[in-house]
Amino acid sequence: MAAAPGALGAWQAGRARLVAACCARLGPGSRLPDSLMGRQVGPAMWARGWAPAAGGAAPRRGYSSEVKTEDELRVRYLEEENRGIVVLGINRAYAKNSFSKNLIKMLSKAVDALKSDKKVRTIIVRSEVPGIFCAGADLKERVKMNSSEVGPFVSKIRAVINEIANLPVPTIAAIDGLALGGGLELALACDIRVAASSAKMGLVETKLAIIPGGGGTQRLPRAIGMSLAKELIFSARVLDGQEAKAVGLVSHVLEQNQEGDAAYRKALDLAREFLPQLTLLT
């Protein structure tokens, strides 16, 4: 949700309070994503590429120094024994995978194509950026918007998340890193959530004196119950993977591996397990 027109100063002050509070919750040495705390831009931006991993179990990461806008979302149709599995990989490394106008447009276009593709059996939503799933809305981009742009932008985020929730095939969120605000709402729109133990997730909007605007107030209670959902939203509490598993927010939690893709690997295993049954149903 956006700040009311004329309240930009209060909104920015709220953002500063959010940074301080959430850094305290994440522990010593932790930092929030750049979309929430104003990144110092380094000499190069990095993005992930893909190379086949040994045995074909999961892709291996490669990096380049530039990110093109058309690469902010990578749609991969897996082959061979994984045929029918599609991976949506968010790749805005320089902005911690936060939702920009361009990324939302690309997500909407991809989902629109997938929902009518009869060859698709399961969809995995993941990050291609180490240590991050999605940081929610791109606050740096939003602060540059005028008041007439903010409302439609938030509405579009909500619409895309709803489109993902309404896909006609199983969806799995692979949470290998930070999922805050709209990032967690994106994961909640998926049928199944898998997380690394090191992942951090929460609906932290109340630290800005606003409420989650992407369906989190409805989907979180469905996942973990009304009372606990209210507690987490009112407190803006951030949970790690183990805590999320304990309250039923995620189905599986795994120790993170050296590649940083433990949740994705588990999601891929689940998708493979679904394939024979889903093929029979079509």
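Scope of this entry: the structure provided in the associated data block. Each chain carries its own residue numbering, running from 1 in the direction its sequence is written. In view of the model being predicted, local features appear only for residues whose pLDDT reaches at least 70, and side-chain atom pairs are presented and counted only at 80 or more, with totals across whole chains, interfaces and linings using the full set of residues. Derived side-chain values reflect all non-hydrogen atoms in the structure, with water molecules and hydrogen atoms excluded from consideration.

1. Let's talk about the pairing of strand β9 (residues 192–196)
The line we're drawing: Residue exposure (1.4 Å probe, protein chains only): buried if accessible area is under 20% of the type maximum, exposed if over 50%, otherwise partly exposed. A run of H or I in DSSP counts as a helix once it spans at least four residues, and a run of E counts as a strand once it spans at least two, with each numbered from the N terminus. At least two bridges found by DSSP between two strands is the condition for calling them paired.
Of all five residues that make up β9, five are buried, and the element is covered over most of its length. Residues I192, V194 and A196 point to one face of β9 and R193 and A195 to the other, with burial holding for every one of them. With four bridges joining them, strand β7 (residues 171–175) and β9 adopt parallel strand pairing. In the strand pairing of β9, A174 is matched with V194.

2. Here we look at the sheet that holds β9
We count it as follows: Axes, fitted as lines to C-alpha atoms, cover a helix only where it is in contact. Angles between the N-to-C directions of the axes lie from 0 to 180 degrees.
The six strands are arranged β3-β4-β5-β7-β9-β12 in an open sheet whose pairing can be described as mixed. For this open sheet the edge positions go to β3 (73–77) and β12 (252–254), each flanked by a neighbour on one side alone. Taking each pair of neighbouring strands and ignoring which way they run, the sheet shows an average axis angle of 20°.

3. A closer look at the environment of A93
Turning to its location among the elements, A93 is positioned in the loop between β4 (85–90) and α3 (101–114). Here the alpha-carbon distance between A93 and C134, two residues 41 residues apart in the chain, equals 9.9 Å.

4. Section: the nonpolar core
Nonpolar side chains tend to gather and get buried jointly when the protein is soluble and globular. Quick note on the threshold: To define a nonpolar core, start from buried Ala, Val, Leu, Ile, Met, Phe, Trp, Tyr and Cys residues and group those joined through side-chain atoms within 4.5 Å. Here a residue-residue contact requires only that any non-hydrogen atoms of the pair lie within 4.5 Å.
Formed by 50 residues in total, the largest nonpolar core has its most connected members in F133, I175, M201, L220 and L249. When sequence neighbours within four positions are dropped, the list of residues in contact with M201 reads I175, A179, L180, L184, A195, R237, V238, L239, G241, A244, L249 and V250. Core analysis: the next-biggest nonpolar cluster, separate from the first, contains 15 residues, I85, Y264, A267 and A271 among them.

5. What to know about helix α8 (residues 226–235)
Residues of α8 that are buried include every one of A229, L232, I233 and S235, and no others. Positive phi appears at A236, one or two residues downstream of α8, with a value of about 55°.

6. Description of the packing of aromatic side chains
Our working definition: When two rings of Phe, Tyr or Trp (its six-membered ring) have centres within 6.5 Å they constitute a pair, described as stacked for plane angles under 30 degrees, edge-to-face for angles over 60, and tilted for the intermediate range. Either the NZ atom of lysine or the CZ atom of arginine qualifies as a charge over a ring when it sits within 6 Å of the ring centre and within 35 degrees of the ring normal.
What the rule picks out here adds up to zero aromatic pairs. The ring of Y264 carries R126 above its face, with NZ or CZ at 4.0 Å from the centroid.

7. Let's talk about the environment of T171
Structurally, T171 can be placed in strand β7. With a relative accessible area of 2%, T171 lands in the buried category. Residues T171 and I85 lie 86 residues apart in sequence; the distance between their C-alpha atoms is 9.9 Å. When near neighbours in sequence (up to four residues on either side) are disregarded, T171 contacts I123, I164, A189, C190, D191 and I192.

8. A word on the pairing of β7
Extensive coverage of β7 is indicated by the burial of five of its five residues. Residues T171, A173 and I175 of β7 are buried on one face, and the alternating residues I172 and A174, pointing to the opposite face, are buried as well. Bridge count between strand β5 (residues 122–127) and β7: three bridges; the pairing is parallel. Each bridged residue has a counterpart across the sheet, and for I123 the counterpart in β7 is T171.

9. Some thoughts on the packing of helix α7 (residues 216–224) against α8
Defined as follows: Any angle that is under 35 degrees is reported as roughly parallel, and any over 145 degrees as roughly antiparallel; angles of 65 to 115 degrees are reported as roughly perpendicular and all others as oblique. Crossing handedness is read from the near helix: turned anticlockwise from the far helix by less than a right angle, it gives a left-handed crossing, and turned clockwise, a right-handed one. Think of it as three bins: nonpolar holds Ala, Val, Leu, Ile, Met, Phe, Trp, Tyr, Cys and Pro, charged holds Asp, Glu, Lys and Arg, and polar takes everything else, Gly as well.
Axis separation between α7 and α8 bottoms out at 7 Å; the angle between their running directions is 130°. By the criterion of interaxial angle, the relationship of α7 to α8 is oblique. Remark: the crossing between α7 and α8 carries right-handed chirality. For the pair α7 and α8, the contacting residues are G216, T217, L220, P221 and I224 in the first and M226, L228, A229, L232 and I233 in the second. Of the residues contributing to the contact of α7 with α8, the split by class is eight nonpolar, two polar and no charged.

10. Points about the pattern of salt bridges
The line we're drawing: Between Lys or Arg on one side and Asp or Glu on the other, a salt bridge is scored when a side-chain nitrogen of the former is within 4 Å of a carboxyl oxygen of the latter.
This model, assessed by the stated rule, comprises nine salt bridges. With a closest N to O distance of 2.8 Å, R237 and E231 form a salt bridge. The exposure class of R237 is partly exposed, given its relative accessible area of 28%. Across the salt bridge formed by R265 and D261, the nearest N and O atoms sit 2.9 Å from each other. D261 sits in the buried class, given a relative accessible area of 2%. Salt bridges linked by common partners bring E72, R92 and D138 together as one network.

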